[in-house]
Amino acid sequence: MTDDTTDTPGDGEDRNQNPDQDQNPDQDRNHDQDHAESATPRRLPVTDVSLVVLIGTSGAGKSTFARRHFSPTQVVSSDFCRGLVADDENDQSASAEAFDVLYYIVGKRLAAGRLTVVDATNVQPEARRRLVEIAREHDVLPIAIVLDVPPGVCAERNRSRPDRQLPAHVIPRQHRELRRSLRGLEREGFRKVHVLRGEAEVAAAGIELEKRYNDLRHLAGPFDIVGDIHGCRSELETLLARLGYTLTRDAEGRPVDAAHPEGRTAVFVGDLVDRGPDTPGVLRLVMGMVAAGHALCVPGNHENKLGRAMDGRKVTVAYGLQESLDQLAGESEEFRAEVRAFMRGLVSHYLLDGGALVVCHAGLPEKYHGRNSGRVRSHALYGESTGETDEYGLPVRYPWAEEYRGRALVVYGHTPVPTATFVNNTICLDTGCVFGGSLTALRYPERELVAVEAEREWYAPVRPLTTDAPGAREGRPLDLADVAGRRVVETGLHGRVAVREENAAAALEVMSRFALDPRLLAYLPPTMAPSATSRRDGYLEHPEEAFLGYRADGVRHLVCEEKHMGSRAVLLVARDGAALERRFGAGGPGAIWTRTGRAFLADEELTGAVLDRVRAAAERAGLFEELATDWLLLDAELMPWSLKAVELLRRQYAAVGAAAGAALPEVLSALERAAGRGLDLAGLTARQRQRAADAQAFTEAYRRYCWPTEGLSGIRLAPFQLLAAEGANLAVRPHDEHLARIDRLVAADAAPAGPEGSNGPDGLAGLVGGAERKEPVLHGTRRILVDTEDEASMAAATAWWEELTGAGGEGMVVKPLASMARTARGEGRPGGLVQPGVKVRGREYLRIIYGPDYTEHLDRLRLRALGHKRSLALREYALGLEALDRLAAGEPLWRVHEPVFAVLALESEPVDPRL
């Protein structure tokens, strides 16, 4: 059920009776209007993110004051804006346009969370009104600094300026307007008003920047964030003990504090009170922890209403408020006064851990993080309603979490859910303890949930806890706003990667029309660049260039892997039917997709059969247990080539071979007849014979990678890298580690199926004779290690490549043995990212790529430009690892999909497809 249906903002009650500390009248409303003129230095407190409005007549010294106390970028001057639009700072006819510019700049700065100072006269209420409105629009505090300097001084200063000669009546009029304004600045909406009277006081004043009270970014934790307690003191004690806290009790045995031996800090999301059996006990414990520095607390809507009721304000007594009032009536007046002071001092929300964590009661969109206003406080306390009511008469809460795209983890409560679930980097911890559910805490940064069951149902809910409450389902993994237009994706490996708008549009077309369920699409493999062009006679690509290139980059140890001629495939394999539902929000056995995110096989039954073979092999090889996961993400080649590219073969390759086979014999026959008549056609005939031989070699080359399949029969899957498992980006590990696990996987698939129960890692050695043996689907990847400082090692790898390609193989991929290799820069500076792998393809295979007679054009082909391809390969590689990092960190799926989508978009960049 949701809380407090009738007691929502806008019902006529005073919602700011318990304001954030940043709205505390004693600290923030510095009403200095009656301050006597003095040269005593004064420090003017200014909130670090706020709008400061300087008010004073022309010549009062506002610009000088601004230059002395603020940086040039923080000050927006009306004179400067006049100069921008009219090339003359004194052109008063341009004031309207100048202030349009000023308001625009102010709005942009405040939207970015920047302290902004407006340098203009601002002596008229209508001039200040728009500035206050802009501050409210961006939920920052408007602060007025008034320079009340005598008119005579201002007039003398203006006379000394040759570029500004004001009429005699202007300054006295401005001063009268300023004096009339002084008493009403707070009513206009200024939250702080500083009045400096006279030249001496202006000269002696200084600015003291104050952090916002919700800004605790310097506190990094670790934290234990506790959901809505609602007077369930016994369950709170049990939960704190389970979290490792040691309770301190007073002489009467009541808990008054709790501390963690490892220095962890508890954080309470509000709604400590109402409905439950012991509101005073909960308050006594939490207040003691906060006072001792062992805890933080934000207010809930129930504290807000209870505080107003205790202050004698008119409130609707409902939803457990009466229970709290009755229980507190039995406490001392001193304790009740402490409770009132505690609730008045609560701040609507906190920014913690460098801004990576936000804690509030009812949830908070990113635009409100760290902001100060009644609107922010209201949302933090009550959330946002759609304006509708459900069948129980309760307001329908707007599902803000489903659309949340912020970097900070938002932890909140307020709306009870059966189970705490991460949704788009948010989590609701109100699991309805008072309603008979549980009391839940989140351990941060571990993201571990700890819960204790309620001892009983203390309060009957109006609406049963249901799974359709906001926060109990996965939000949309992709939204148009996440992918449309020009994008810049931050990667930990390669910095900022930009995606052009037109490429994003092309990727969106593919994603929306052809891609599989985007919830499963956690990775797209990068393109791969070829090695540097070879200068050897008869070769376009040769291992020597790959080895020497990596040696020049400072990479010593390489692995050369057999390159399988099939189609690139990514496999997401589930250990059981519910594994993917738990992690990705989409069930099933898994998925197989192409480099562009499309389902690899149109036949779902065949897809399931392939996945089942991989799952069974992983189970027998013990990979699920070893990696502590119930799903695996693999990079592989799926063969034969004809399995996926049959139409391409028919239209492009078979057509070329068939045309050559039909035409060239006739050409040779005609040439032979002409030669029989005495014509000298030897040269032409030799060229045509070579063309015929090249065409035959071309046909033989592509046919090597095509064969018929029926069901699983004939299908070969060659995995070469384990990409990810639950909580782990495996792609960053050395390649020999990957290949060793792949060997076990392949061996497990080749082994006969043992009896039920023999599928553990030791089952391979204990298989009994006579067990069923199936045609293997999984195939290994042969490889050889290379030391770039050892000539014999490079020669052996070159001979291996020649053997592979001579037998009809495509070639090999050369990779640094360690992932994420960088060039050496020295002096502690990281080097640039080197190619994660380069392909070295054989001479006969390259006929498929460049045409049957490509060897006759090697001089021209050697001029091919590889720079763009190499750049593209690095960017896509970095984006792929970024996606896996985010997946391993448990980030929301939209964050995982951001770099995945960028890889797809980069595929639209114009690059020679033969490279």
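No experiment lies behind these values; they were computed from the predicted model shown. Each chain has its residues counted from 1, running along the sequence as written. In keeping with the model being predicted, local features are shown solely for residues with a pLDDT of at least 70 and side-chain atom pairs are shown and tallied solely at 80 or more, while totals for entire chains, interfaces and linings include all residues. Only heavy atoms go into the side-chain values, all of them from the structure, while hydrogens and water stay out.

Peer 1: How would you explain the pairing of strand β10 (residues 246-249) if you had to name every residue and give the values?
Peer 2: Strand pairing is assigned whenever DSSP detects at least two bridges linking the two strands. Helix and strand labels come from DSSP, where a helix needs a run of H or I of at least four residues and a strand needs a run of E of at least two; each type is numbered from the N terminus. Taken together, the four bridges between β10 and strand β11 (residues 255-259) define a ladder with antiparallel strand orientation. Within the sheet, the bridge partner assigned to L247 lies in β11 and is A258. In this structure, the hairpin formed by β10 and β11 is closed by a connection of five residues, where G253 is found at a positive phi of approximately 85°.

Peer 1: So what's going on with the nonpolar core? Which residues, and what values?
Peer 2: Counting 49 residues, the largest nonpolar core has L520, L572, F584, W593, W631, L633 and L884 as its most contacted members. Put simply, a nonpolar core is a bunch of buried Ala, Val, Leu, Ile, Met, Phe, Trp, Tyr and Cys residues held in one set by side-chain atoms that sit within 4.5 Å of each other. Exposure categories follow from relative accessible area, calculated using a 1.4 Å probe and restricted to protein chains: below 20% of the type maximum is buried, above 50% is exposed, and the middle band is partly exposed. Of all hydrophobic cores here, the second largest spans 40 residues; its members include L236, M289, L321 and V434.

Peer 1: Which residues make up the sheet that holds strand β31 (residues 728-729), and what values do they have?
Peer 2: Read across the open sheet, the five strands follow the order β28-β27-β29-β30-β31; overall the sheet is antiparallel. Edge positions in the sheet fall to β28 (590-593) and β31, since each has one partner strand and no second. Relative to β31, strand β30 (residues 716-725) runs antiparallel, the two being bridged by two bridges. The residue of β31 that forms the bridge with A725 is A728. Running at roughly 65° to strand β27 (residues 567-574), helix α20 (residues 604-621) makes contact with β27, β28, β29 (631-639) and β30 of the sheet. Residues count as neighbours in contact if any of their non-hydrogen atoms are within 4.5 Å of one another. With axes taken as lines fitted to C-alpha atoms, and helix axes fitted only over the stretch in contact, angles between N-to-C directions fall between 0 and 180 degrees. Helix-sheet contacts for helix α24 (residues 735-750) involve β29 and β30, and the interaxial angle to β30 is about 125°.

Peer 1: Provide a residue-level description of the pattern of salt bridges, including the pertinent values.
Peer 2: Counted as salt bridges are all cases of a side-chain nitrogen of Lys or Arg within 4 Å of a carboxyl oxygen of Asp or Glu. If you walk through the whole model with that rule in mind, you get 63 salt bridges. Between E199 and R157 there is a salt bridge; the shortest N-O distance is 3.2 Å. You can see E199 sitting in helix α9 (residues 198-204) and its partner R157 sitting in helix α6 (residues 151-159), a full 42 residues away along the chain. When its relative accessible area of 41% is taken as the criterion, E199 is described as partly exposed. Between R519 and D517 there is a salt bridge, with its nearest N and O atoms 2.8 Å apart. Residue R519 is classed as partly exposed on the basis of its relative accessible area, which comes to 29%. The class for D517 is partly exposed, based on a relative accessible area of 27%. Here the residues in one salt-bridge network are D224, R264, R443, E446 and E448, joined through shared partners.

Peer 1: Give a detailed account of the packing of α20 against α24, specifying residues and quantitative values.
Peer 2: The description of two packed helices rests on the angle between their axes and on the distance between the axes. Running from N to C, α20 and α24 point in directions that differ by 110°, and their axes come no closer than 8 Å. Classified by the interaxial angle, the pair formed by α20 and α24 is roughly perpendicular. Along the contact surface, α20 presents R613, V614, A617, A618, R620 and A621, while α24 presents R744, L745, A748 and D749. Note that Gly is not counted as nonpolar here; it falls among the polar residues with everything else outside the nonpolar set of Ala, Val, Leu, Ile, Met, Phe, Trp, Tyr, Cys and Pro and the charged set of Asp, Glu, Lys and Arg. A breakdown of the residues in the contact of α20 with α24 according to their chemical character gives six nonpolar, no polar and four charged. Roughly parallel refers to an angle under 35 degrees, roughly antiparallel to one over 145, roughly perpendicular to one between 65 and 115, and oblique to any angle outside these ranges.

Peer 1: Describe the packing of aromatic side chains, and please don't skip the residues or the numbers.
Peer 2: Centres within 6.5 Å are what make two rings of Phe, Tyr or Trp a pair, Trp counting through its six-membered ring; a difference in plane orientation under 30 degrees is then read as stacked, over 60 as edge-to-face, and the rest as tilted. Per the counting criterion, the structure on display carries eight aromatic pairs. Between the aromatic rings of F584 and W631, the centroid separation amounts to 5.2 Å while the plane-to-plane angle is 70°, which identifies the pairing as edge-to-face. Pair noted here: F584 is in helix α19 (residues 579-584) and W631 is in strand β29, with a separation of 47 residues, a long-range link. On the accessibility criterion, W631 (1% relative accessible area) is buried. Members of the aromatic cluster, connected to one another through ring pairs, are W400, Y404 and Y412. One cation-aromatic arrangement involves R284 over F335; the distance from NZ or CZ to the ring centre is 4.5 Å. Note on criteria: charge over ring means Lys NZ or Arg CZ within 6 Å of the ring centre, with the direction from the centre no more than 35 degrees off the ring normal. When the ring centre of F584 is taken as origin, the NZ or CZ atom of R583, which lies over that ring, is 5.5 Å away.

Peer 1: Would you mind going over the confidence of the model for the protein in detail, with residue names and values included?
Peer 2: Every residue gets a pLDDT, meaning the predictor's confidence in that residue, from 0 to 100. When pLDDT is averaged along the protein, the result is 86; 88% of the residues meet or exceed 70. In this model, residues 1-38 is a region of pLDDT below 50 whose contacts with residues beyond four sequence positions or in other chains number 128 contacts. This model gives residues 467-476 a pLDDT under 50, and the stretch forms 26 contacts once residues within four places in sequence are excluded.

Peer 1: Could you give me a rundown of unusual backbone geometry, with the residues and numbers involved?
Peer 2: In this structure, P222 follows G221 across a cis peptide bond, with omega equal to 5°. Assignment of secondary structure puts P222 in the loop between β8 (215-216) and β9 (223-226). P445 follows Y444 through a cis peptide bond whose omega is 15°. Even without being glycine, D274 reaches a positive phi, approximately 75°. Tracing the sequence through the fold places D274 in the loop between β12 (265-268) and α11 (279-291). For N424, which is not glycine, the phi dihedral falls at a positive 50°. Inspection of the secondary structure puts N424 in the loop between β19 (422-423) and β20 (426-428). N424 gets classed as buried once you look at its relative accessible area, which sits at 1%.

Peer 1: Residue-level account of the pairing of strand β34 (residues 838-841), with values.
Peer 2: Successive residues of a regular strand alternate their side chains across the two faces of the sheet. The side-chain alternation of β34 yields two buried faces, one formed by V838 and V840 and the other by K839 and R841. Pairing analysis gives two bridges linking strand β25 (residues 529-530) to β34, with the strands arranged parallel. Counterpart to A529 in the pairing with β34 is V838.

Peer 1: Help me get a handle on the sheet that holds strand β22 (residues 448-453), residues and values and all.
Peer 2: Taken together, the five strands give an open sheet; going across it, the order is β13-β12-β9-β21-β22, and neighbouring strands pair in mixed fashion. The strands lining the two open edges of the sheet, one partner per strand, are β13 (295-297) and β22. Averaged over all pairs of adjacent strands, the angle between their axes in this sheet comes to 20°, without regard to strand direction. Across the sheet, helix α10 (residues 233-242) lies against β9, β12, β21 (438-444) and β22, angled at about 140° from β22, the strand it touches most. α11 rests against β12 and β13 of the sheet, and its axis sits at about 115° to β13.

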